[in-house]
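Residue-level listing of the chains:
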Amino acid sequence: MALYEENDVYISNSISRKKELFTALNAPNLGLYVCGPTVYSDVHLGNCRTFISFDLVYRYLTHLGYKVRYVRNITDAGHLENDADEGEDKISQRARLEQLEPMEIVQKYTLGFHGVMSRFNAFPPTIEPTATGHIVEQIDMIQKIIDEGFAYEKNGSVYFDVKKYNESNDYGKLSGRKIEELISGTRELDAQSEKESPLDFAIWKKASPSHIMRWNSPWGIGFPGWHLECSVMSTKYLGDEFDIHGGGMDLKFPHHECEIAQNKASNGSEGPRYWMHGNMLTLNGQRMSKSTGNTLLPHELFTGETDKLEKGFAPTIARFFMLQAHYGSQLDFSSDALLAAEKGYHRLMAAYRKLASLEPSAESTSEFKVAEWHKASYAAMNDDFNSPILISQLFEATRTINSWENKAPLSASDFKLLKESMQAFIFDVLGLEDIGAQGSGQKLDDVINILLDLRKQARDDRDFSLSDAIRDKLADAGIEVKDGKDGSTYSISL
Ligand code: AMP
Ligand code: ZN
C-alpha cells in the first residue's frame with residue numbers, strides 16, 4: 001500500500017477558506033502548479049521562501065508516493081510595472097537599463113534563480129515552461145475567451161470583460177472581494193482609456209513602437225497580459241481541471257483571481273481544486289520586496305556581506321529557519337533568529353549522527369515510544385504541511401537520543417524505524433543537508449579536537465617533538481593552534 005493511501009492530507013484551501021481533506025483527481029498522479037519568478041532581477045530571500053515552501057509540499061507529496069507533475073513557470077514577458085495594465089514590461093525595462101537583449105536578461109536571471117534554488121536544495125520542477133515559449137497557446141486561449149463572449153478587442157488590445165463574466169460567475173471568489181467594492185475602489189477611467197470598465201484587464205496588449213518584446217497576433221502586433229500565461233501553462237500541462245495551484249499571498253489578487261476567470265471563461269472549469277498561498281517573509285516587520293528595496297539577497301546571506309547580519313549562514317541553515325514557521329504564517333528575518341536556527345540545526349544533526357553510531361538492544365525499554373512518535377510526525381505533515389510541528393517532533397527525538405549512551409534502549413525494529421524516519425524527515429521531506437559531513441562543520445571540528453587531545457597527551461608525556469609536529473602539520477593545513485591557559489583553541493584560514 002502506498003503511503004498516500006494511509007495518510008489523509010488536509011490542505012488549507014484558500015478558495016474555500018477551510019482546511020479540506022485532499023483527494024487527488026487521478027492518483028497516483030498529481031498536478032501541482034506554482035507561479036514562478038519574473039526574471040528581471042535577482043531573486044530575494046522573500047521569493048526564495050515561497051519556492052522553498054512549495055518545495056516542501058512537492059517533497060512531502062512525492063514522499064507519500066504520488067507521481068507529482070510539478071509545473072513552475074518562468075515569467076519572461078508580459079509582467080508590467082503595475083497591475084493597471086500600464087507602464088513598461090519589467091524585462092524590457094531592465095534590458096534597456098542594462099543595454100542587453102531582453103532574452104539575455106531572461107537568461108541571466110533564470111540561471112541565477114536556478115543556482116540559488118539549488119543551493120537551497122530545492123528540487124527543480126518537472127516542467128518549467130516560459131511565457132514566451134507559449135505565445136501560440138496564449139493566442140488560442142484569448143480567441144476562445146472572445147468566442148465565448150467574455151473579452152472584447154479595442155485598437156489592437158484585448159480586454160477581459162469582468163462585469164460580463166460576473167453575471168454568471170463570481171469574480172472575487174478567491175480573494176473575497178465583492179465586485180461592487182472593487183468598482184468603487186478603482187479610479188475613474190480617464191478619457192483615453194480603451195477599457196469599458198476599470199476592472200477589465202488586458203489579455204493582449206498592443207505594442208507601442210518602442211516596445212521591444214512583440215509578437216504577431218490576429219489583433220495586430222502586441223504581447224500577452226501577465227495573468228494569461230499561468231492559465232495557459234497550468235492547463236496545458238495539467239489539464240483543464242487539476243489538483244493544486246500555489247503562489248505567494250500577494251498573488252491572490254489580481255493575478256490568481258484573473259486566472260480563475262480566464263480558465264472558466266475559456267474552458268468552463270476553474271482550473272485547480274486546491275489553492276495554496278504562502279505567507280510573506282518580512283525584514284524589520286515589512287514585507288521583503290524588490291520595489292521598496294527592503295530586501296536581503298541570498299548571496300548576502302551566504303557570505304554575511306551585509307550590515308543586516310553579523311555573519312554569513314549556510315543555505316541549509318536558512319532553509320531550516322524558514323521551515324521552522326508554517327508556510328501560511330508570516331515570518332520575520334533577523335540575525336538572532338538565524339543564530340538560533342543554526343544552533344538548533346547543529347543539535348539535530350549531531351543527534352542524527354549519534355543515532356547512526358548506536359546499536360539497538362534486545363527489547364525496547366525506553367519511555368520514548370517510536371511507533372507513536374512516528375505516527376505523530378506524519379500527522380504533523382498531514383495537517384497542512386505543518387513543518388514546525390514536525391521539527392518539534394524531531395527535537396523530541398533529539399533530546400531522547402542525547403540521553404542514551406552506547407546503546408539505544410530500543411528493539412532492532414523500533415531502532416530501525418526511528419533511524420529510517422529521522423533520515424526520511426530530515427533529508428527527504430525537509431530537504432536539509434548535513435554540512436558537518438561536508439567537512440566544514442561539526443565533523444572537522446571533531447577531528448581537530450581529537451588531534452588537539454593527542455597533542456595535549458604528547459605534551460603531558462613531555463614528547464615535545466610530537467606535540468610540535470602536530471601543531472606544525474595543522475599550520476601547514478591552514479589550521480592555526482593557539483595555546484591559552486584554559487587549553488588550546490584553533491582557527492581555520494580559508
Ligand atoms: P515575482 O518574481 O515578483 O513574480 O515573485 C515570485 C514569487 O515570490 C511570488 O510567488 C511572490 O508571491 C513571492 N514573493 C514575493 N515577495 C515575497 C516575500 N516577501 N515573501 C514571500 N514570498 C514573496
Ligand atoms: Zn502565475
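Just so you know, these numbers come straight off a predicted model, no measurement behind them.

## A closer look at the site of ligand 1
- Taken together, 17 residues surround ligand 1, and among them G46, N47, T50, G248 and M288 come closest.
- Looking at the shell around ligand 1 residue by residue, the classes come out as 6 nonpolar, 8 polar and 3 charged.
- Structurally, the shell around ligand 1 is a two-domain feature, drawing no fewer than three residues from each of domain 1 (3-278) and domain 2 (282-436).

## Description of the domain arrangement of the chain
- Domain assignment breaks the chain into domain 1 (3-278), domain 2 (282-436) and domain 3 (438-492).
- Relative placement of domain 1 and domain 3: their C-alpha centres are 57 Å apart.

## Let's talk about the pairing of strand 9 (residues 242-248)
- Most of strand 9 sits inside the fold, with 7 of its 7 residues counted as buried.
- Here strand 3 (residues 29-34) pairs with strand 9 via 3 bridges, running parallel. Paired with V34 across the strands is G246, a residue of strand 9.
- Handedness of the crossover joining strand 9 and strand 10 (residues 272-278) through helix 9 (residues 252-267): right-handed.

## Examining the packing of helix 13 (residues 370-382) against helix 14 (residues 387-402)
- Packing of helix 13 against helix 14 leaves a shortest axis separation of 8 Å and a crossing angle of 160°. In terms of axis orientation, helix 13 runs roughly antiparallel to helix 14. Crossing angle aside, the handedness with which helix 13 passes helix 14 is left-handed. On helix 14, the residues that touch W373, A376, S377, A380 and M381 of helix 13 are I389, L390, Q393, E396 and A397.

## A short note on the environment of E88
- Of note, E88 is situated in the loop between strand 4 (67-72) and helix 3 (90-98).
- In sequence terms E88 and K375 are 287 residues apart; their C-alpha atoms lie 53 Å from each other.
- Beyond its immediate stretch of four places on either side in the chain, E88 contacts L80, E81 and Q93.

## Quick look at the sheet that holds strand 4
- Within the open sheet, the 4 strands sit side by side as 4-3-9-10. Their pairing is parallel. Among the strands making up the open sheet, the edge pair consists of strand 4 and strand 10. Strand-to-strand twist of the sheet, defined as the mean angle between neighbouring strand axes without regard to direction, takes the value 20°.
- Two strands pair when backbone bridges link them, and strand 9 and strand 10 are joined in this way by 6 bridges, in the parallel orientation. Considered in strand 10, the bridge of G248 is made with G278.

## Focus: the nonpolar core
- The biggest cluster of nonpolar side chains holds 117 residues, and the ones touching the most others in it are I142, I145, A151, F160 and I203.
- If one sorts the elements of this core by residue count, helix 2 (residues 45-63) sits on top with 10 residues.
- Looking at which domains feed residues into this core, each of domain 1 (3-278) and domain 2 (282-436) gives three or more.
- Other than its neighbours up to four places away in sequence, I142 contacts A151, V158, I203 and W204.

## Observations regarding the sheet that holds strand 12 (residues 286-287)
- Pairing in this open sheet of 3 strands is mixed, and the strands run 12-11-13 from one edge to the other. Both edges of this open sheet fall to strand 12 and strand 13 (331-333), since each of them pairs with a single strand only.

## Regarding helix 2
- With 19 residues, helix 2 ought to run about 27 Å at 1.5 Å a step, and its terminal C-alpha atoms sit 26 Å apart, in line with that.
- Counting buried residues along helix 2, 17 of its 19 residues qualify, which places the element largely inside the surrounding structure.
- Positioned one or two residues after helix 2, G65 has a phi angle of 105°, which is positive.

## Focus: unusual backbone geometry
- Note that the residue after A27, namely P28, is joined by a cis bond; omega there is 5°.
- Its place among the elements puts P28 in the loop between strand 2 (18-21) and strand 3.
- A positive phi is found at N406, a non-glycine position, where the angle reads about 55°.
- The backbone phi angle of R462 is positive, close to 60°, even though this residue is not glycine.
- Exposure remark for R462: the 8 C-beta atoms within 10 Å place this residue in the exposed category.

## What to know about the pairing of strand 5 (residues 151-154)
- Of the strand pairs in this sheet, strand 5 and strand 6 (residues 157-160) are connected by 4 bridges, and their pairing is antiparallel. Paired with Y152 across the two strands is Y159, which belongs to strand 6.
- Counted between consecutive antiparallel strands, the loop separating strand 5 from strand 6 contains 2 residues, among which N155 sits at a positive phi close to 50°.

## Topic: the packing of helix 14 against helix 15 (residues 412-429)
- Where helix 14 meets helix 15, the closest approach of the two axes is 11 Å, and the angle between their N-to-C directions is 140°. Two packed elements cross with a definite hand, and for helix 14 against helix 15 that hand is left-handed. Of the residues in helix 15, those touching helix 14 at L390, L394 and A397 are L418, M422, F425 and I426.
- Its residues assigned to classes, the contact of helix 14 with helix 15 comprises 7 nonpolar, no polar and no charged.

## Some points on the environment of M249
- Mapped onto the elements of the fold, M249 is located in the loop between strand 9 and helix 9.
- With 16 C-beta atoms counted inside 10 Å, the residue M249 sits in the partly exposed group.
- Between the C-alpha atom of M249 and that of G328, which follows or precedes it by 79 residues, the distance is 8.8 Å.

## Here's the deal with the environment of N216
- One can find N216 in the loop between strand 7 (201-206) and strand 8 (222-224).
- For N216, a count of 10 C-beta atoms within 10 Å puts it in the exposed group.
- The spacing of N216 and V136 is 80 residues in sequence and 9.7 Å in space, taken between C-alpha atoms.

## Remarks on helix 4 (residues 102-119)
- A rise of 1.5 Å per residue sets the reference length of helix 4, with its 18 residues, at 26 Å; its end C-alpha atoms lie 26 Å apart and thus fit the reference within 8%.
- Buried residues along helix 4 sit against helix 2, helix 3 and helix 10 (298-303).
- Trailing helix 4 by a residue or two, N121 shows a phi angle of about 60°, which is positive.

Calculation notes
Within every chain, residues take consecutive numbers counted from 1 along the sequence as written. Following the order in which they are written, the chains are lettered starting with A and the ligands numbered starting with 1. Note on the predicted model: pLDDT of at least 70 is required for a residue's local features to be given, and 80 or more for side-chain atom pairs to be given and counted; whole-chain, interface and lining totals, by contrast, use all residues. Proximity of a residue to a molecule or strand is defined by its backbone-placed C-beta atom lying within 6 Å of that partner. Side-chain classes follow a simple rule in which Ala, Val, Leu, Ile, Met, Phe, Trp, Tyr, Cys and Pro form the nonpolar group, Asp, Glu, Lys and Arg form the charged group, and the remainder, Gly included, forms the polar group. Where each domain starts and ends follows an automatic or database-derived domain assignment. Remark: C-beta atoms are placed from the backbone, and a residue is labelled buried if 20 or more other C-beta atoms sit within 10 Å of its own, exposed if 12 or fewer do, or partly exposed between those counts. By definition, any uninterrupted DSSP run of H or I lasting at least four residues is a helix, any uninterrupted run of E lasting at least two residues is a strand, and each is numbered from the N terminus. Paired strands, as defined in this entry, are two strands with at least two bridges between them according to DSSP. We call a crossover right-handed when, viewed with the strands running away from us, the connection from the first strand over the helix to the second turns clockwise. Axis angles are defined between N-to-C directions and span 0 to 180 degrees, where every axis is a line fitted to C-alpha atoms and, for a helix, only to the segment in contact. Angle categories: roughly parallel below 35 degrees, roughly antiparallel above 145, roughly perpendicular from 65 to 115, and oblique for all the rest. Here is the rule for handedness: rotate from the far helix to the near one, and if that takes an anticlockwise turn smaller than a right angle the crossing is left-handed, while a clockwise turn gives right-handed. With C-beta atoms placed from the backbone, a contact is any residue pair whose C-beta atoms sit within 7 Å. Only buried Ala, Val, Leu, Ile, Met, Phe, Trp, Tyr and Cys residues enter a nonpolar core, and they are joined through C-beta atoms within 7 Å. One less than the residue count of a helix, multiplied by 1.5 Å, gives the span that helix is expected to have.

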